[in-house]
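Descriptive analysis of the structure
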Amino acid sequence: MLLIDAENISFSYRDNQVLNNVDFQLYKGDVLSLVGQNGCGKTTLLKILLGIYKSKGSVKLLSKEIKEYKHKELAKLISYVPQTHQIPFDYTVFDVVLMGRLAHIGLFSNYSLNDKNIALQCLEKVGISHLKDNIYSQISGGERQLAFIARALTQESKIIFMDEPVTGLDYGNQLKLLKFLKDLAQEGYTFVKTTHYPDHALYASNKVMMLKNGKVLDVGEIDTKLTTKNIKELYDVDVEIISRKNGYKYCIPTI
Amino acid sequence: MKLWGKILTKIGFIVLTLILIAFMNGSLFVGNYEISFEEYLMFLNQLLGLESNLSLEKYEMLQSVIFEIRLPRIIAAVIIGATLSISGAAFQAMFVNPLVSPGILGVLSGASFGAALGMVLGWNWFFINISTFIFGMLAVLLALSISFIYSSAKNMIILVLGGIISSSLFSALLSIVKYTADPYNALPAITYWLMGSLSFSTSTMVWNLSIPMLCGVLILLFFSKYLNALSLGDEEAKALGVDTLKVKIIVIVVATFISALSVILAGIIGWIGLIIPHIARLLFGADNKIILPISALLGAIFLLMVDNASRIIFSFEIPIGIVTAIIGIPIFIMVLKNAKRGF
């Protein structure tokens, strides 16, 4: 099922053209990795598809223009896991995760017991329920990332956008997180994530979109598109893609 | 731990509410005309239509002292303390900046210019209210636009500087108004009123203004949950389903409106809007659903206490704005200690 269909997206930041006629399609169950150099427009594209930035061209979510959605309706369909950052106020982890229910409550109502239970379950699901009363700004970067994912799950939207989800995580937690994404995809979630690691894309995604200087270099099934040639083109490094017997592929630089 | 925290918060609410009620009652006894506790009880009895042995003369005397003089002043202190504090808390959360307040953002200066202008030009009260609000609003917008021009990124200090520039501009404009004002009547009145004093709030003014101010406080309370999301940053708030532009406009307009009205009631009472939210967060964490009402309660108690203390300690009346500054500054310096850790 086609969830997002975007055509001819162009976006300029002041005089700098960040995206130039980009088309984008997302199908249900996809785990799509956005790859490309720093500043190639990955994060910008995410934010346009989230409706945060306004761009030229058309972005259709479930065949309706994204601009026509109310903020709350949109938040029920797509959630966003941003790169972790510091907050100058001492919210608890639970406070932060509970904010995922904002789109579900009205102006005059408060979080119900049900909302709180959903938040607790999602904390449980990502495995950090023991941190719920800790101060958000004092837990580690990886734990913060997990808290944001718990918040996205609390939002109960089936499409989740992630901006470099493994950044700042240690080696073990990076792999755990990727495994977790794969499992969630099996449950029917759809993911779009930006990443700097071809390996992670190969491990967790089925689709890849490569951006170079604001244009789409190539897009499609990960097995056929994330090739040595494309990676050379993207990053100007020589790599070898190795298939193992278990079906996984690895990307190894040949320096 | 969460449960314990919740219980503590509930207890905190109840205790602060009780303290506020006790202070409001106690404040009725502060003043030149002495009222004994027995007289007060008898007065309450008679007021409720019960038996009492107060003479009619005494009863009328008490009625005028309490209802005409003391109660309006108490209500003014409570409502001003509450509005300035809750506005400060709302501004701090919305701008993700623990260093701003109605005073710092220039609202109070802008509003005082608007009010003084109206007074000197002899407008009626309704138009003075309007001009107070409009110039308060202009002052915030100026502070905001300065911070937008010079820093696209979030920068706490630039917004504070924008506020300082805006405050200075409106203070200068205010000086022009004062300079042209009649030095025998209007000038002393404006000067004394702007130092911040509750003695200018007449009972009709208090009754008329406290209702819109209370409505403003309620509106901010309803928006407190969105302030939590906004304090994570605009983009995240949008992704969480918050109509950030709408929420920001409503919060800025309402917080400015109620702060401006406080200027009409009692001139410039600084520092409360800055320090009370900090104390609230120190005691109750960061959740704005809790911090906004707690700030309102604490602000009301604080201003009432300061007003009573300054009248009891000194035989003459010191403008309350001066007292809040003298008390507020050391408190703020102590609170700033937390600045590195985050708020």
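Position numbers for residues start from 1 in each chain and track the written sequence from start to end. By the order in which they are written, chains take letters starting at A while ligands take numbers starting at 1. The model is predicted, so local features are restricted to residues of pLDDT at least 70 and side-chain atom pairs to those at 80 or more, both for listing and for counting; the totals for chains, interfaces and linings are taken over all residues.

Before going further, it helps to examine the sheet that holds strand β2 (residues 16-27) of chain A. Here a strand pair is declared whenever DSSP counts at least two bridges between the two strands. In DSSP terms, a helix is any run of H or I states spanning at least four residues, a strand is any run of E spanning at least two, and both are numbered starting from the N terminus. Spatially, β2-β1-β4-β5 (chain A) is the arrangement adopted by the four strands of the open sheet, whose pairing is antiparallel. Of all strands in the sheet, those bounded by a partner on one side alone are β2 and β5 (64-65) of chain A.

Let's shift gears to the packing of helix α11 (residues 272-284) of chain B against helix α12 (residues 288-313) of chain B. All names here are of chain B. A fitted line through C-alpha atoms represents every axis, and for helices the fit uses only the stretch in contact; the resulting angles, taken between N-to-C directions, go from 0 to 180 degrees. Their axes nearest at 9 Å, the elements α11 and α12 cross at an angle of 120°. Classified by the angle their axes make, α11 and α12 are oblique. As for the relative orientation of α11 and α12, their crossing is right-handed in sense. Contact with α11, carried on its side by I272, I276, P277, I279, A280, R281 and F284, involves I290, I291, I294, S295, L298, G299, F302 and L303 of α12 and no other residues of that element. Oblique is the label for any angle not under 35 degrees, not over 145, and not in the 65 to 115 range, which are roughly parallel, roughly antiparallel and roughly perpendicular in turn. Note on convention: near helix rotated counterclockwise from far helix by under a right angle means a left-handed crossing. Clockwise means right-handed. Any two residues are considered in contact once their C-beta atoms, placed from the backbone, lie within 7 Å.

Take unusual backbone geometry next. Positioned with a positive phi, A:N213 is a non-glycine residue whose angle comes to about 45°. The phi angle at B:W271 is positive, at roughly 75°, despite the residue not being glycine. Here B:W271 is to be found in the loop between α10 (244-266) and α11.

All right, on to the environment of A:V237 then. Residue and element names in this part refer to chain A. Residue position: V237 is located in the loop between α9 (228-235) and β11 (239-243). Here the C-beta atoms are placed from the backbone, and a residue counts as buried if at least 20 other C-beta atoms lie within 10 Å of its own, exposed if 12 or fewer do, and partly exposed otherwise. Judged by local crowding, V237 falls into the partly exposed class, with 13 C-beta atoms found within 10 Å. With 86 residues separating them along the chain, V237 and R151 place their C-alpha atoms 37 Å apart. With residues near it in sequence (within four places) discarded, V237 still touches I231, K232 and P253.

With that settled, consider the interface of chain B and chain A. By a widespread convention, an interface's size corresponds to the accessible area lost as its parts come together. Tallying the contact residues gives 24 residues for chain B and 27 residues for chain A. Elements with a minimum of two residues in the side of chain B that touches chain A: α8 (203-230) and α9 (234-239) of chain B. For the side of chain B that touches chain A, the residue count by class is eleven nonpolar, five polar and eight charged. Ten residue types, Ala, Val, Leu, Ile, Met, Phe, Trp, Tyr, Cys and Pro, are classed as nonpolar, four, Asp, Glu, Lys and Arg, as charged, and the remainder, Gly among them, as polar.

Put simply, side chains in a regular strand alternate between the two faces of the sheet. Residues and elements named next belong to chain A. Bridge count for β11 against strand β12 (residues 249-253) is five bridges, and the pairing is antiparallel. Across the sheet, residue I242 finds its bridge partner in β12, namely Y250. Counting the residues that bridge the hairpin from β11 to β12 gives five residues, and of these G247 lies at a positive phi of roughly 95°.

All names here are of chain B. Closest axis-to-axis distance for the α12/helix α13 (residues 320-336) pair is 10 Å, and the angle between their directions is 110°. The orientation of α12 with respect to α13, classified from their angle, is roughly perpendicular. Across from V306, D307 and S310 in α12, the residues of α13 making contact are I320, V323, T324 and I327. Across the contact of α12 with α13, the residue classes break down as four nonpolar, two polar and one charged.

By definition, a nonpolar core groups buried Ala, Val, Leu, Ile, Met, Phe, Trp, Tyr and Cys residues that connect through C-beta atoms lying within 7 Å of each other. One finds A:L49, A:V97, A:A150, A:F161 and B:A90 to be the most contacted residues of the largest nonpolar core, which totals 171 residues. Per element, the largest residue contribution to this core is 15 residues, and it comes from helix α3 (residues 56-94) of chain B. With residues near it in sequence (within four places) discarded, A:A150 still touches A:V97, A:C122, A:L123, A:V126 and A:I128.

Attention now goes to helix α7 (residues 186-194) of chain B. All names here are of chain B. Along α7, the residues that are buried comprise I190, W193 and L194. Taken down its axis, α7 places every buried residue within 95° of arc, on the same side. Among the structural elements, α4 (107-120) and α6 (156-180) are those in contact with the buried residues of α7. Positioned one or two residues after α7, G196 has a phi angle of 95°, which is positive. Each direction from the helix axis to a C-beta atom contributes to the arc, which is the arc of those directions.

This brings us to the pairing of strand β7 (residues 159-162) of chain A. Residue and element names in this part refer to chain A. What you see with β7 is no split at all: I159 and F161 on one side and I160 and M162 on the other are buried throughout. The pairing of strand β6 (residues 78-81) with β7 spans four bridges and is classified as parallel. Each bridged residue has a counterpart across the sheet, and for I78 the counterpart in β7 is I159. Following the chain from β7 across helix α6 (residues 171-186) to the adjacent parallel strand β8 (residues 190-194), one finds a crossover that is right-handed. Throughout, right-handed denotes a crossover for which the path from the first strand over the helix to the second runs clockwise when the strands point away from the viewer.

The pLDDT value tells you how sure the predictor is about a given residue, anywhere from 0 up to 100. Residues with a pLDDT of 70 or more make up 96% of chain B, whose mean pLDDT is 90. If you check the scores for this complex, the pTM reads 0.91 and the ipTM reads 0.92.

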